[in-house]
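Results of the structural survey
For reference, the chains in residue letters:
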Amino acid sequence: MTNALMTLFPPDAFTLVAVILGMPLLGALINGIWGKRLGNNAVRLMALTAIGVSFVAALLSFLALDTLSHARKDEHVRLVWTAWEWMTTSGKDSAPIGIDVRFSIDALSGVMMLVVTGVGFLIHLYATSYMEHDEGFARFFAYLNLFVFSMLVLILGDNLPLLFVGWEGVGLCSYLLIGFWYQKAENAAAGKKAFLANRIGDFGLICAMFLIAYYCGSLDWKGIADHASNLVSSHEAAQVHVWPLGGGQYTGVLSFLQPKSPFTITAATAVGLALLLGCTGKSAQIPLYVWLPDAMAGPTPVSALIHAATMVTAGIYLVCRMSFVFVLSPFVMTMVACIGAATALFAATIALVQNDIKKVLAYSTVSQLGFMFLGVGVGAFTAGFFHVFTHAFFKACLFLGAGSVIHAMHARIHDGDLSQDLRKMGGLRKYMPLTHWTFLGATAAIIGLPGTSGFFSKDEILFKAFINRSEYHPALKGTLERLHAFQPPTWLGPVLYGVGVAAATMTAFYMCRLYFRTFWGEFNGWKVGTPSEVAAQEHGEHGHKDHGNDHLQIVAGPAPKESPWPMTVPLVILAAFSVFAGFLNPGFHIFALPPMEHWLEPVFKDVMESGTIAVRAGGEHLEFPLAAGGVGAFLVGTSVAYWMYIAQKRKPADAIAAAFPRLHRLMLEKWRIDELYEATVLAAVDSLAETAAAFDQWIVDGILAKVSSAVVVALGAALRVLQNGVVHVYAAMMVVGLTSIGWFFVVPHPEAVVTETAGDYVIVAGPGMGYGYRWDADGNGRPDTETFSDQATVRVHLDLGKSQVVRLEVKNAFGFTAGREISLSRPKPEPTLELGSLGGQIAPMGRQNGGQN
Amino acid sequence: MVPFEHYILLSAVLFTVGSVGFLVRRNVLMTLLSIEVMLNAVNLALVAFNRARPENHTGQMFAFFLIAAEAAEVAVGLAIVLSLYRLKRTVRSDEADLLKN
């Protein structure tokens, strides 16, 4: 079968990609255009078929890739399909840079493709039930299919511009789906926020593309990899002048800005920082993470698919994809790792106290993305990407589980925020066993229970963070002093490890808190039972007091119900993968399965062998000792959460909150980062906008528009007199016009065009009806011939420094004559100028073109 | 034989009479008549030029075409005049000012 596959789809013309990409696009088009008319059943069928077929095609592609990689061991095998040639641009020294619409599947994009289509299919299936009663059912699936298409373009695109198309596409779909329930202003605002934060990152990506096109002269992966060494050569050309900008000179009043020696960075650092900005935007890292928690305003399947499993990992994918550029700059690598570690810790602190089930998961996603950044930042690309892989399963499962819980809560609580409030939940494991068990599985994975997928991937990242160190490319070694090169400090590894362990501990704590408060204890949503039973119960109890939610009417109702099968089946599958996917990459090499690391090895082989990732001496033997950090984090976090929320029934948590009320509030309000941004960045933008608006109002509207409108009004008043609707006036004007044209024909027009080559002047008279010409070409003041002839061209030769006057006379059919004089002069060339740069100069002439009839 | 210049002179006089009539008369019927006069002046000039240069018959053929065009123009023009009369009970062009303002 694989042979047939390879024959049908050869690796260099792998047209199966068209199916993988085309089906979701087709689904998006059909659902988007005809969805409303087709009805929900047809929409569901179309959406599921599109992603299902795409998934099957992706599986087949993966099989083909596997066969190929077995055939060519240790080689970076790729399946390539060039759809069409897109455009050609030019780089440095106007060397052409071809940009094709070309897609390629290698181990990295293959795994990502499987995750997107596979998890995507499960979430589509889930959403068919979750969104069943929504009015925008067709619209939802059109967007969701379009998202899968864009994401696949992002992953499979073989060059940066094509990746950027997908990058923008997923950003658009994210915006559309966050604001899916756009009738609520805050949802629309959340969509806008996501779009704008992403736009800042996109700016970085665009800059990176320009820099890469300039320095590498290529934009596709292979071309960039081949020319990446241009980015760090010790030559001056690979230095980017940061100050003074572009290597200029500040003079005059600005001369105080001129530094003693220019501050330069390598091109690799510039490209890396620009790419990093793009990645922080898409992958929600400090400082651009603020959009992701708000993005939870969208439907829960969207949060699961886009804002947890796939789109937000695009930044890590890009870092892995461009790893050969990142490793060239230790500064950028350190930045990536530090940003990742900081985000992991920072987001975890916020997640500790949040009460909204989706908000906790959102900050947990930000935190986990930080872990991935930490991994790729220390050169552990395989580990970082493996965490992308496992995170896709357990976070999708967690979000879908949360969606299932919200779905059940919605039975009685119709307020969107309250139905997601942890304080309203509790005890749900009795009512929703499947959701409970799958949620438990995914929680076990994210908190790193030894043996689950999250444990393996997180442990690997922490281990590599401790032992790895970024170094300069060998090509730069000799010139480090001259460049004042940045060196990552030796204490960085242990610090990153410590921060990672702290974040992992918090992760264990807040995830267990979430789990316990949702599924254990008493159910707080409403009184379970029929109204009469509840009334009997109420008699014996006090009124239900809860944290500041007294305004909520406590209603009675039946017990929360388990969700229907289209929602639980994806949960079970995802939970199974969350728990067991770790065995695909056993960090301890216990199992004999083909480890994922070997799969990805060829992709990162060149990077790993380039000598830029150094390993601390003796670090290889620290794997087991360092695993203690991860296991310890799990044990501490889990047991503290158990003690606080189960053993002591939340009393210690309340006590701590009461002891530090200001800190608790600060954390509850997300460290007020949104408010900080509002006061600084947004205020700056707003004041700029206000200035621009004032300029528009007073200068543009007030002066320019008034002046031009006054001109138009005056002209209109004048012309209105002519357009008076009286036929005779029009007729008179016509007569005037016709008379003018007639007069033009009656009078002869002597016009001529002069061209010169090396002193030979050719004078061509303009044509006209019945024209005869008479020339005085020798400049003696008398016509050369007595009669007029149809000779329209004369030739005159002039030596250097000479001048002459040529006279042309024209006689037309009416016998009128007219003449003009054409002065020719050929100045001597000035000694400093090159000969020939000054041609014969023509004396002032009315018109150069004598064309008329 | 009448000299060529006389034809041209007559044609010019007719054309002038027609154009002055076209410009000064307010009665649409008279305007149409003036246009006819001008067209016939042109016809006369065409035929006269043809006679002065008898190598081919371009001028005469052109005159025939013009006669056909005139017939069509009169048919349409008179129809417009009739419509105007039905609408405004007048055939004076300065009173047909529905487009004004």
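Rules and cut-offs
Residues numbered from 1 in each chain as written. Chains lettered and ligands numbered in written order. Predicted model: local features only at pLDDT ≥ 70, side-chain atom pairs only at ≥ 80, totals over all residues. Helix = DSSP H or I, 4+ residues; strand = E, 2+ residues; numbered from the N terminus. Rg over C-alpha atoms; globule rule 2.2 N^0.38 Å. Buried ≥ 20, exposed ≤ 12 C-beta atoms within 10 Å, placed from the backbone. Contact = placed C-beta atoms within 7 Å. Pairing = 2+ DSSP bridges. Axes fitted to C-alpha atoms, helices over the stretch in contact; angles between N-to-C directions. Core = buried A, V, L, I, M, F, W, Y, C linked by C-beta atoms within 7 Å. Domains from an automatic or database assignment. Parallel < 35°, antiparallel > 145°, perpendicular 65-115°, else oblique. Nonpolar A, V, L, I, M, F, W, Y, C, P; charged D, E, K, R; others polar. Left-handed = near helix turned anticlockwise from the far one by under 90°. pLDDT = per-residue confidence, 0-100. Expected span 1.5 Å × (residues − 1).

Some remarks on the overall build of chain B
A tally of regular secondary structure across chain B gives three helices and zero strands. The globule rule puts the C-alpha radius of gyration for 101 residues at 13 Å, and the 17 Å found for chain B is more than 25% above it. With the C-alpha coordinates of chain B rotated into their principal frame, the extents come out at 50 × 25 × 25 Å. The buried share among the 101 residues of chain B stands at 11%. Put simply, 49% of the contacts in chain B that link residues at least 6 apart link residues at least 24 apart.

Re the overall build of chain A
Within chain A one finds 28 helices and 15 strands. In summary, chain A has a C-alpha radius of gyration of 37 Å against a globular reference of 29 Å for 853 residues, an excess of more than 25%. For chain A, the spread of C-alpha atoms along the principal axes amounts to about 130 × 80 × 70 Å. Taking all 853 residues of chain A together, the buried fraction comes to 45%. Long-range contacts, defined here as pairs at least 24 residues apart, represent 76% of the contacts in chain A between residues at least 6 apart.

Section: the sheet that holds strand 10 (residues 760-765) of chain A
Within a beta sheet, neighbouring strands are joined by backbone hydrogen bonds and run either parallel or antiparallel to one another. All names here are of chain A. The strand order across the open sheet built from three strands is 9-10-12, with neighbouring strands paired in antiparallel fashion. If you trace the sheet from one side to the other, it starts and ends with strand 9 (752-757) and strand 12 (793-797), each paired once. Between one strand and the next, the sheet's axes are offset by a mean angle of 20°, whatever the strand orientation. As defined by bridge partners, strand 10 adjoins strand 12 across five bridges and the pair is classed as antiparallel. For I763, the partnering residue across the bridge sits in strand 12 and is V794.

Side note on the nonpolar core
Residues and elements named next belong to chain A. Judged by nonpolar contacts, the single largest core of 227 residues is most densely connected at L152, I212, V271, V336 and A396. Residue contributions to this core peak at 19 residues, all from helix 16 (residues 381-409). Three or more residues apiece are contributed to this core by two domains, here domain 1 (1-178) and domain 2 (179-251 + 259-540 + 551-668). Grouped together as the second largest cluster of nonpolar side chains are 14 residues, A765, V796, V810 and L824 included.

Some remarks on the packing of helix 19 (residues 453-467) of chain A against helix 20 (residues 492-519) of chain A
All names here are of chain A. Where helix 19 meets helix 20, the axes come as close as 6 Å, and the angle between the chain directions of the two elements is 155°. Looking at the two axes, helix 19 sits roughly antiparallel to helix 20. Counted together, K458, I461, L462, A465, F466 and I467 of helix 19 and G493, P494, L496, Y497, G500, V501 and A504 of helix 20 form the full contact between these two elements. Of the residues contributing to the contact of helix 19 with helix 20, the split by class is 10 nonpolar, two polar and one charged.

Quick notes on the packing of helix 18 (residues 433-446) of chain A against helix 22 (residues 565-580) of chain A
Residue and element names in this part refer to chain A. Where helix 18 meets helix 22, the closest approach of the two axes is 8 Å, and the angle between their N-to-C directions is 25°. The angle between helix 18 and helix 22 places the two elements in the roughly parallel class. Along this stretch, helix 18 crosses helix 22, giving a crossing that reads as left-handed. Across from L434, T435, T438, G441, A442, A444 and A445 in helix 18, the residues of helix 22 making contact are T568, L571, V572, A575, S578 and V579. Its residues assigned to classes, the contact of helix 18 with helix 22 comprises eight nonpolar, five polar and no charged.

Quick notes on the pairing of strand 2 (residues 96-105) of chain A
All names here are of chain A. Pairing between strand 1 (residues 79-90) and strand 2: 10 bridges, direction antiparallel. By the bridge assignment for strand 2, T82 is matched with R102. Where strand 1 folds back on strand 2, the antiparallel hairpin that results is connected by five residues, among which D93 adopts a positive phi of roughly 55°.

A closer look at the interface of chain B and chain A
The interface of chain B with chain A comprises eight residues on the first partner and eight residues on the second. When the residues that make up the side of chain B that touches chain A are grouped by side-chain class, the tally is three nonpolar, two polar and three charged.

Some remarks on the pairing of strand 10 of chain A
Residues and elements named next belong to chain A. Residues Y761, I763 and A765 line the buried face of strand 10, whereas the alternating positions D760, V762 and V764 sit on a face that is not buried. Bridge count for strand 9 against strand 10 is six bridges, and the pairing is antiparallel. Across the sheet, residue A752 finds its bridge partner in strand 10, namely A765. Counting the residues in the hairpin turn of strand 9 and strand 10 gives two residues, including A758, whose phi is positive at 45°.

Observations regarding the domain arrangement of chain A
Residues and elements named next belong to chain A. Partitioning chain A into structural domains gives domain 1 (1-178), domain 2 (179-251 + 259-540 + 551-668), domain 3 (669-719) and domain 4 (742-829 + 836-842). On a C-alpha basis, the centres of domain 2 and domain 3 stand 40 Å from each other. Facing six residues of domain 2, the contacting portion of domain 3 comprises seven residues. The element that contributes the greatest number of residues to the side of domain 2 that touches domain 3 is helix 26 (residues 661-668), accounting for four residues. Split into classes, the residues belonging to the side of domain 2 that touches domain 3 amount to five nonpolar, no polar and one charged.

Description of helix 11 (residues 300-309) of chain A
All names here are of chain A. With 10 of 10 residues buried, helix 11 lies mostly within the body of the structure. Inspection of helix 11 places T300, P301, V302, S303, A304, L305, I306, H307, A308 and A309 among the buried residues, and these make up the whole buried set. Looking at the buried positions of helix 11, the neighbouring elements they touch are helix 4 (107-130), helix 5 (137-156), helix 6 (160-178), helix 10 (291-294), helix 15 (357-377) and helix 16.

Some details on the environment of B:A71
Residue and element names in this part refer to chain B. Here A71 is to be found in helix 3 (residues 58-88). Owing to 10 C-beta atoms within 10 Å, A71 belongs among the exposed residues under this scheme. Between the alpha carbons of A71 and E36 there is a distance of 9.6 Å; along the sequence they are 35 residues apart.

Considerations on the confidence of the model for chain B
With 97% of its residues at a pLDDT of 70 or more, chain B has an overall mean of 90. Scoring of the predicted complex yields 0.76 for pTM and 0.78 for ipTM.

Details of helix 2 (residues 28-52) of chain B
All names here are of chain B. Given a rise of 1.5 Å per residue, 25 residues ought to cover 36 Å, and the 36 Å separating the end C-alpha atoms of helix 2 matches this to within 8%. Taken together, the buried positions of helix 2 are occupied by V28, T31, S34, L39, A41, N43 and L46. Its buried side turned inward, helix 2 meets helix 1 (4-24) and helix 3.

Considering the environment of A:L824
Relative to the elements of secondary structure, A:L824 occurs in strand 14 (residues 817-825). With 21 residues separating them in the primary sequence, A:L824 and A:S803 have C-alpha atoms 5.4 Å apart.

Observations regarding the confidence of the model for chain A
All names here are of chain A. A residue-level look at chain A finds 91% of positions with pLDDT of 70 or above and a mean pLDDT of 86. Scored below 50 in pLDDT, residues 541-552 makes six contacts in the model with residues more than four places away or belonging to other chains. Scored below 50 in pLDDT, residues 587-593 shows seven contacts in the model against residues more than four places distant or in partner chains.

Points about unusual backbone geometry
Cis rather than trans, the peptide bond between A:I286 and A:P287 has omega equal to 5°. Considering the arrangement of structural elements, one finds A:P287 in the loop between helix 9 (267-282) and helix 10. Unlike most non-glycine residues, A:R650 shows phi in positive territory, near 75°. One can find A:R650 in the loop between helix 24 (623-647) and helix 25 (651-659). Phi is positive for B:R89, close to 55°, though the residue is something other than glycine. Mapped onto the secondary structure, B:R89 falls in the segment after helix 3.

A short note on the environment of A:F624
Here A:F624 lies in helix 24. It is 37 Å that separates the C-alpha atoms of A:F624 and A:D226, two residues lying 398 residues apart in sequence.

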